[in-house]
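Here is how the chains run, residue by residue.
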Amino acid sequence: MILTVDHVTTYSYDSPMGSSVQSLRLFPSRFSGQREIEWQVAVEGGIRGGEFRDGAGDKVESWSIRPPIEEVVVTVRGKIETTDTAGVLRGHRELVHPMAYLRETTATWIDDGLAKLASEAVADCTELLDCAHRLSAAVAEAISYEPGTTDAHTTAAEALAQGKGVCQDHAHALIAVARAHDLPARYVSGYLFATEDGAPHEAAHAWTEIWIEGIGWIGFDAANSCCPDDRYIRLGSGLDAHEAAPIRGITQGGSEERLDVTVALEQVQQ
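Residue indices begin from 1 for each chain and proceed along its sequence in written order. This being a predicted model, a pLDDT of at least 70 is required before a residue's local features are given, and a value of 80 or more before pairs of side-chain atoms are given or counted; all residues contribute to the totals for chains, interfaces and linings. Based on all heavy atoms of the structure, the side-chain values leave hydrogens and waters out of the count.

What follows is about the state of the cysteines. Here, two cysteine sulfur atoms that lie within 2.5 Å of each other are counted as a disulfide. Applying the stated criterion across every chain yields a total of 1 disulfide. Covalent S-S linkage joins Cys 125 and Cys 131, the inter-sulfur distance amounting to 2.1 Å. On the sign convention where negative is left-handed, the bridge of Cys 125 and Cys 131, at about -120° about the S-S bond, is left-handed. Taking the relative accessible area as the measure of exposure, Cys 125 reaches 15% and is therefore buried. Sulfur of Cys 226: no disulfide; nearest cysteine sulfur belongs to Cys 227 and is 6.9 Å away. Only protein chains enter the calculation, and the probe is 1.4 Å; a residue is then buried if its accessible area is under 20% of its type maximum, exposed if over 50%, and partly exposed in between. Classification of Cys 226 as buried rests on a relative accessible area of 14%.

Quick look at the structure:
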């Protein structure tokens, strides 16, 4: 499948701000499931700085913006060819050992509710891949997809307690229950072209990757009860949503910040 991406993120301020520095993880991952055809990332009025690939294999690029700043506009436009690899992250080069992803974070901290969910989901499971699928299914059943019921700071435990959330919450909860069984797991950010049933969804998306010994990293999208296929574009990963955030930055000043994001994906006929 060939997909085009048009992604615009705008930060607006009530009064002019000082200088700003942005760290962007907005570049397609290099692995056998996707091939970059063309891809451009820009910050309006910004100065491109250095770039590098971190230990997880993700490209990171820095930008700076000189004052006065009334808004920061980050644009991503590109075209990419995707292939269904049944969720397996093949051909992806990285240096971080999988065991590093057993670390807990505030967002993925395991409370009694998550521990119980993790235990009950795999009560009679003996094969690791089957266990991972069962954990994903358990999270999907326990947390219904309801936009607007959580925010960027909601933890996996909080989302489970209220029984509803969005893809970020599903990903955090699956990471938590996987780690409860000593399965390394991480948060993945990217895009989703369309759900299998065509239901409304956010094109900017998140899911989980779980390390299965003998296979490698496998993606699980509990929010859609499937493994990532050719409808998905993978950008980057981290221990949780904060670490894997596509855009992170600091802007000097005390003005109120407003955020507006538009993402559009289209399929190109071959």
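Attention now moves to the domain arrangement of the chain. Under the domain assignment, the chain is made up of domain 1 (2-82 + 247-267) and domain 2 (98-244). Domain start and stop positions are those given by an automatic or database domain assignment. On a C-alpha basis, the centres of domain 1 and domain 2 stand 24 Å from each other. In this assembly, 21 residues from domain 1 lie in contact with 16 residues from domain 2. Of the roughly 1500 Å² buried at the junction of domain 1 and domain 2 (both faces included), carbon and sulfur atoms supply 59%. Broken down residue by residue, the surface that domain 1 buries against domain 2 is led by Arg 25, Arg 248 and Leu 265, which jointly contribute 30%. Salt bridges, as used here, are contacts in which a Lys or Arg side-chain nitrogen is within 4 Å of a carboxyl oxygen on Asp or Glu. For the interface between domain 1 and domain 2, the tally reads 1 salt bridge. When the shortest N-O distance is used, the salt bridge between Arg 234 and Asp 58 registers 3.7 Å. Every helix listed is a DSSP run of H or I at least four residues long, and every strand listed is a run of E at least two residues long, numbered separately from the N terminus. Elements supplying a minimum of two residues to the side of domain 1 that touches domain 2: strand S1 (2-17), strand S3 (34-43), strand S6 (69-82) and strand S14 (257-268). In what follows, a contact means two residues having at least one pair of non-hydrogen atoms within 4.5 Å. Joining two parts hides part of their accessible area as seen by a 1.4 Å probe, and the buried area is that hidden amount summed over both.

Running from N to C, helix H1 (residues 112-121) and helix H2 (residues 128-142) point in directions that differ by 130°, and their axes come no closer than 9 Å. Comparing the axis directions of H1 and H2 gives the class oblique. The way H1 lies across H2 gives a crossing that is right-handed. Contact with H1, carried on its side by Leu 117, Ala 118 and Ala 121, involves Arg 134, Leu 135, Ala 138, Val 139 and Ala 142 of H2 and no other residues of that element. For the contact of H1 with H2, the class distribution of residues is 7 nonpolar, no polar and 1 charged. Only C-alpha atoms enter the line fits that serve as axes; for helices the fit covers just the stretch in contact. Angles between N-to-C directions range over 0 to 180 degrees. Angles below 35 degrees are treated as roughly parallel, those above 145 as roughly antiparallel, those between 65 and 115 as roughly perpendicular, and all remaining angles as oblique. By definition, any crossing whose near helix is turned counterclockwise from its far helix by less than a right angle is left-handed, and any crossing with a clockwise turn is right-handed. Each residue gets one of three labels, nonpolar for Ala, Val, Leu, Ile, Met, Phe, Trp, Tyr, Cys and Pro, charged for Asp, Glu, Lys and Arg, and polar for the others, Gly among them.

Once that is clear, we can look at the environment of Leu 129. Along the chain, the position of Leu 129 falls in helix H2. Residue Leu 129 is classed as partly exposed on the basis of its relative accessible area, which comes to 24%. Discounting residues that sit within four places of it in the chain, Leu 129 has contacts with Ile 212, Ile 215, Ile 218 and Phe 220.

With that settled, the discussion passes to the environment of Leu 3. Relative to the helices and strands, Leu 3 is located in strand S1. Counting along the chain gives 262 residues from Leu 3 to Leu 265, while the straight-line C-alpha distance between them is 6.6 Å. Dropping the residues within four chain positions of it, Leu 3 is found in contact with Gly 78, Lys 79, Ile 80, Thr 82, Phe 193, Asp 230, Arg 231, Ile 233, Glu 266 and Gln 267.

The subject of this paragraph is the sheet that holds strand S13 (residues 247-251). In short, DSSP must find at least two bridges between two strands for them to pair. With respect to topology, 4 strands assemble into an open sheet ordered S4-S5-S2-S13, the strand pairing being antiparallel. If you trace the sheet from one side to the other, it starts and ends with strand S4 (47-53) and S13, each paired once. For this sheet, the mean inter-axis angle between neighbouring strands, taken without regard to orientation, is 15°.

Inspection of every chain in the model, using the stated rule, returns 13 salt bridges. Two residues, Asp 130 and Arg 134, come together in a salt bridge whose shortest N-O distance is 3.1 Å. Of this pair, Asp 130 and Arg 134 are both found in helix H2, 4 residues apart, which corresponds to roughly one turn of the helix. Judged by relative accessible area, Arg 134 falls into the partly exposed class, the value being 27%. Residue Glu 209 is joined to Arg 234 by a salt bridge in which the shortest nitrogen-to-oxygen separation is 2.8 Å. With Glu 209 in strand S10 (residues 204-212) and Arg 234 in strand S12 (residues 232-238), the pair connects residues that are 25 residues apart, well separated along the chain. Of the two residues examined, Glu 209 and Arg 234, each falls in the buried class. A network of salt bridges, in which partner residues are shared, links Asp 58, Glu 94, Arg 186, Glu 209 and Arg 234.

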